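Here is what each chain is made of, one letter per residue.
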Amino acid sequence: MIDLRSDTVTQPTPAMRQAMFEAEVGDDCYGDDPTVLRLERMAAQRLGKEAALFVPSGTFGNQLALFTHCRPGDEVILGDDSHIVWHEAGAAGAIAGVQLRTLDSDRGVLDPEAVRRRIRVGDDIHAPRTGLICLENAHSNGRVIPLAAMAAVWEVAQRHAVPVHLDGARVFNAAAALGVDAREITRYADSVMCCLSKGLAAPVGSLLAGGAAFIDAARRRRKLLGGGLRQAGVLAAPGLIALERMTQRLHEDHAHARLLAERLAALPGLEVDLDAVQINMVWFRFTRPIDGAALMARLNAAGILANPPEDGLMRLVTHWQVDADAIARTVAVFDAFLRH
C-alpha cells in the first residue's frame, strides 16, 4: 500500500528495528536507562536547550509543557488554527486547568501586536494571569513560519516576562525548508516539543526540551500523567536514528511533495496552491463536485490510502516510504478518476 494519509503512518526503518532489538536498557523511572539518557542528551543539543525529556507522544509533550509552565487558571495565548486548539482533545483545560486565549493567525503567523494586546498586564484580581504563549513551526497546515515572525513574538514575550513554548512537531521539516539549523528556530522559545514518530519515522515518542529546571519539573509531572516508562530504551533507540539520520533526508520528502503537487496541478478539476507546498504536505481543492466515496474506492483499489476530502479540500502527505514511483501511481489514479 501507498499510505498518504499522514507522516504519522511511517513504519520504522530496518535499522530502527535492529536498534530496538539490540538496545541497552535500564529503568527510566530510576534514571538509569542508558539509551534514553543518550537520546535526551542528543535532543537537548540538537534543539539548543539545556535538557530534554522523552515522552510518549506530541500531544503529551505539548500538554506537559502547558502543565509545567502554567498554574491552574492561567491563560495561554496561541493561534486559533493551532494544533493545541484543534487536535489535542481539549486537554489544556482538563490537565493544566488553563484557558486558551486564541487569536486569528495569518496561515500560522501570529501578529506580535495582537499578542501584546492579549497579555494581561498588572495585578487585577479579576483577570487571569498570562502564563504562556505558544507558537507552531512548521505549522500543521504545512507552512513554515519565517524566523522574523517568531523573533517578533519572542521580543514581545521577553518584554512582558511571559515564556514561549514551540509546538515543533515538525521543527526539523521547518529547518530543512528554511535551510537553517533547528536551533535557529528554537532560539525563539523557552521550551520546544518535537515528534520522532512523524517524518522522522520512529515508531513511538516525542521530546520536550527546555531549561534544566523546567525539565526537572516536567519529569515529575510526566510521572503524574502516567508517562514514567521503564525499559524505554527499546523505544529511544529508533529515536536516536531519527535524530541522527532521518533529519538529514527530509528534503527528499519535500521534493516528492513538490513533484506530487506539480503533477496534480496539471490535472483537470484540481486546484493546488503551490506556494503552500513548503514541507511534505500537499493541499488541493476540487473545482467541481465529485463523488468522494467513489474516489476513495478507486484509490483503495489501486493500493493507495488517503484521507477523504472535506468540503472539497484534500491533503496528501509524503514520507520516507513514498517515492517517485508511488507519486506517479497516485497521480495516475486521480487523472483517470477526473477524466472518467
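Preceding block: the structure.
Every value quoted in this text rests on a predicted model; they were computed, and no experiment measured them.

## With respect to the sheet that holds strand E8 (residues 206-210)
Reading across the sheet, the 7 strands line up as E2-E8-E7-E6-E5-E3-E4 and stay open at both edges, with mixed pairing between neighbours. Either end of the sheet is taken by a strand with one partner, and the two such strands are strand E2 (51-55) and strand E4 (99-103). Neighbour to neighbour, the strand axes of the sheet diverge by 20° on average, direction disregarded. The sheet contact formed by strand E3 (residues 75-79) and E4 spans 5 bridges and is parallel. Counterpart to Val76 in the pairing with E4 is Leu100. Along the sheet face, helix H3 (residues 58-69) touches E2, E3, E4, strand E5 (130-136), strand E6 (164-167), strand E7 (191-195) and E8 and points at about 170° away from the line of E7.

## A look at the nonpolar core
Inside soluble globular proteins, nonpolar side chains tend to come together where they are buried. Ranked by internal contacts, the top residues of the largest apolar core, which has 59 residues, are Ile133, Phe172, Leu196 and Leu243. Setting aside residues up to four positions removed in sequence, Ile133 forms contacts with Ile77, Val115, Ile119, Val153, Ala157, Val162, Pro163, Val164 and His165. Grouped together as the second largest cluster of nonpolar side chains are 28 residues, Leu267, Met296, Ile327 and Leu338 included.

## Describing the packing of aromatic side chains
Under the defined criterion, the tally for this structure stands at 2 aromatic pairs. Measuring from ring centre to ring centre gives 5.6 Å for Phe284 and Phe334, while their planes differ by 90°; the resulting arrangement is edge-to-face. Of the two residues, Phe284 sits in strand E10 (residues 281-286) while Phe334 sits in helix H14 (residues 324-339), which places them 50 residues apart along the sequence. The same class applies to Phe284 and to Phe334, which are both buried. Of the aromatic side chains, those joined through ring pairs into one cluster are Phe284, Phe286 and Phe334. Stacked on the ring of Phe67, the Lys or Arg Arg221 has its end atom at 5.8 Å from the ring centre.

Basis of the calculations
Residues numbered from 1 in each chain as written. Predicted model: local features only at pLDDT ≥ 70, side-chain atom pairs only at ≥ 80, totals over all residues. Heavy atoms only, no water. Pairing = 2+ DSSP bridges. Helix = DSSP H or I, 4+ residues; strand = E, 2+ residues; numbered from the N terminus. Axes fitted to C-alpha atoms, helices over the stretch in contact; angles between N-to-C directions. Contact = heavy atoms within 4.5 Å. Core = buried A, V, L, I, M, F, W, Y, C linked by side-chain atoms within 4.5 Å. Buried < 20%, exposed > 50% of the residue type's maximum accessible area, 1.4 Å probe, protein only. Phe/Tyr/Trp six-rings, centres within 6.5 Å; stacked < 30°, edge-to-face > 60°. Lys NZ or Arg CZ within 6 Å of the ring centre and 35° of its normal.

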